[in-house]
Amino acid sequence: MTLPYKKVHVVINPAAGHDEPILNVLNHVFHPAGVDWDVSLTHKSGDATRLASEAAAAGVDLVAAYGGDGTQMEVANGLLGSGVPQAILPGGTGNAMAHDLGISLETREAAELIVNSAKRRAIDLAEIGDQVFMLRAYAGLSADEAASREEKDKYGQLAYVQSALNFLRNIPEAHYKATVDGEIIEGEAMICFILNAGSIGGVMGMELPSVGDVDISDGYLDLYAVTKGVQPLRALSKHLFRYDGSDEGGGVYHWRGKEITLEADPVQDVWIDGELDGQTPITVNAMPQALEIVVPA
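A. Spotlight on the overall build of the protein chain. Per the secondary structure count, the protein chain includes eight helices and 18 strands. When burial is assessed residue by residue, the protein chain has 52% of its 297 residues classed as buried. Looking at the protein chain alone, contacts between residues at least 24 apart form 72% of all its contacts between residues at least 6 apart. Accessible surface, the protein chain as shown: approximately 13300 Å² in total, 49% of it carbon and sulfur.

B. Here's a closer look at a negative patch on the surface. Together, Glu 127, Asp 130, Glu 275 and Asp 277 give the surface a local cluster of negative charge. Accessibility expressed as a relative area gives 41% for Glu 275, which makes it partly exposed.

C. The pattern of salt bridges, seen in detail. In total, this model carries seven salt bridges according to the counting rule given. Residue Glu 112 is joined to Arg 108 by a salt bridge in which the shortest nitrogen-to-oxygen separation is 3.4 Å. One end of the pair is Glu 112 and the other is Arg 108, both in helix α5 (residues 107-116) and four residues apart, which spans about a single turn. Residue classification places Glu 112 among the partly exposed positions, given a relative accessible area of 29%.

D. Representation of the pairing of strand β8 (residues 174-180) in the model. Along β8, the buried face is formed by Ala 174, Tyr 176, Ala 178 and Val 180; none of His 175, Lys 177 and Thr 179, which line the opposite face, is buried. Pairing of β8 with strand β9 (residues 183-189), which is carried by seven bridges, proceeds in the antiparallel orientation. Across the sheet, the residue bridging to Ala 174 is Ala 189, located in β9. Remark: two residues form the turn of the hairpin made by β8 and β9, two consecutive strands paired antiparallel; Asp 181 in that turn has positive phi of roughly 50°. Bridging between β8 and strand β15 (residues 259-265) involves six bridges; their strand directions are antiparallel.

E. Structural detail: helix α3 (residues 69-79). The buried fraction of α3 is high, at eleven of eleven residues. Of all the residues in α3, the buried ones are Asp 69, Gly 70, Thr 71, Gln 72, Met 73, Glu 74, Val 75, Ala 76, Asn 77, Gly 78 and Leu 79. Phi turns positive, to about 85°, at Gly 81, one or two residues after α3.

F. Seen up close, the pairing of strand β3 (residues 62-67). For β3, the tally of buried residues reaches six of six residues, placing the bulk of the element in the interior. Going residue by residue along β3, you find Leu 62, Ala 64 and Tyr 66 tucked away on one face and Val 63, Ala 65 and Gly 67 tucked away on the opposite face as well. With five bridges joining them, strand β1 (residues 7-12) and β3 adopt parallel strand pairing. Bridge pairing links Val 11 to Ala 65 in β3. Of the pairings in the sheet, the one linking β3 to strand β4 (residues 86-90) comprises five bridges and is parallel in character. Bridge assignment links Ala 64 to a residue of β4, and that residue is Ala 87.

G. Examining the side chain of Thr 280 more closely. Within the element layout of this structure, Thr 280 appears in the loop between β17 (275-279) and β18 (282-294). If sequence neighbours within four positions are ignored, Thr 280 has contacts with Ala 139, Leu 262, Ala 264, Val 267, Gln 268 and Val 270.

H. Representation of the packing of helix α1 (residues 22-33) against α5 in the model. Running from amino to carboxyl end, α1 crosses α5 at an angle of 30°, the nearest separation of the two axes being 10 Å. Compared by their axis directions, α1 and α5 come out roughly parallel. For the pair α1 and α5, the sense of crossing is right-handed. Seen from α1, the contacting residues are Ile 22, Val 25, Leu 26, His 28, Val 29, Phe 30 and Ala 33; seen from α5, they are Thr 107, Arg 108, Ala 111, Glu 112, Ile 114 and Val 115. The residue inventory of the contact of α1 with α5, partitioned by class, reads nine nonpolar, two polar and two charged.

I. Fine view of the environment of Val 25. Within the secondary structure, Val 25 sits in helix α1. The exposure class of Val 25 is buried, given its relative accessible area of 14%. Taking the C-alpha atoms as reference points, Val 25 and Thr 107, separated by 82 residues in sequence, lie 7.5 Å from one another. When sequence neighbours within four positions are dropped, the list of residues in contact with Val 25 reads Thr 107 and Arg 108.

J. Highlighting the environment of Val 226. Mapped onto the elements of the fold, Val 226 is located in strand β13 (residues 221-226). Look at Val 226 and you get buried, because its relative accessible area is 0%. Residues Val 226 and Glu 173, spaced 53 residues apart in sequence, show a C-alpha to C-alpha distance of 9.6 Å.

K. Structural context of the sheet that holds strand β10 (residues 191-195). Strand order in this open sheet of six strands is β14-β13-β10-β7-β16-β17, and the pairing throughout is antiparallel. Strands at the two margins of the open sheet, each flanked by one partner only, are β14 (252-257) and β17. Direction aside, the axes of adjacent strands within the sheet are offset by 20° on average.

What counts, and at which threshold
Residues numbered from 1 in each chain as written. Predicted model: local features only at pLDDT ≥ 70, side-chain atom pairs only at ≥ 80, totals over all residues. Heavy atoms only, no water. Helix = DSSP H or I, 4+ residues; strand = E, 2+ residues; numbered from the N terminus. Buried < 20%, exposed > 50% of the residue type's maximum accessible area, 1.4 Å probe, protein only. Contact = heavy atoms within 4.5 Å. Areas by Shrake-Rupley, 256 points an atom, 1.4 Å probe, with all protein chains shown as cover. Patch = residues over 30% accessible without salt bridge, like charges linked within 9 Å, V, L, I, M, F, W, Y side chains within 5 Å. Salt bridge = Lys/Arg side-chain N within 4 Å of Asp/Glu carboxyl O. Lys, Arg positive; Asp, Glu negative; His and termini not counted. Charge placed at Lys NZ, Arg CZ, Asp CG, Glu CD. Pairing = 2+ DSSP bridges. Axes fitted to C-alpha atoms, helices over the stretch in contact; angles between N-to-C directions. Parallel < 35°, antiparallel > 145°, perpendicular 65-115°, else oblique. Left-handed = near helix turned anticlockwise from the far one by under 90°. Nonpolar A, V, L, I, M, F, W, Y, C, P; charged D, E, K, R; others polar.

Written as structure tokens, this is what we have:
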């Protein structure tokens, strides 16, 4: 068998949600196959981007990222424009990108794709300022209501459930003004999502369905606004679980475009792929098929 990637660099986030002997797992997969591989460790935000960029410049065939969606996002930033593909080794809590692309959440099985699969999928990315993200940006959730790093370490996926419950208990609306490819949309909402990918990952071992018909390779971004016109839990259920009931007068609204600007009054915290990153206003642009990811054959 011809190896699809002979020289592989793995960027490892040691603070990722999984507790497993990652080096041992990788060695069991790569050594028998004859892969020339090495690793680097992240210590702070931004390290994964730098390490991925350095590995690409050194001439590797592939950069793999072990960690959660934040780590995957950083590595994607480092590989952008290099022509070097990325592999996902899901080691986080939600692992939404792995869900979206059908990649196993078992580290060994995900690593075996690097050895066995020559198939890659070109995915869209999204640009916000000087940063690129893979999954989503959203506004309407304050830093106090988000799951902390300590909560994720202690409770794992239950931390996201606790965060959602906190949000449901504190649901103030803001006045949003969105511009989608020149069309202005204005109104009250609890939270607004700008999605590049549809998966929200897994909770308590269960894979949750994707949001709407969001396609990570269609060249578009999807704007969803959750309003207070119905009971909040019902509105969120429709958004996250495709609830099919009637929501006259409120609920979830959806637009699609290549450039989306979002303003809010009062100003709202902005989260990018699960990490707090500034405040509104923001402008997000689609980057069609900007990166290739190794996927199952």
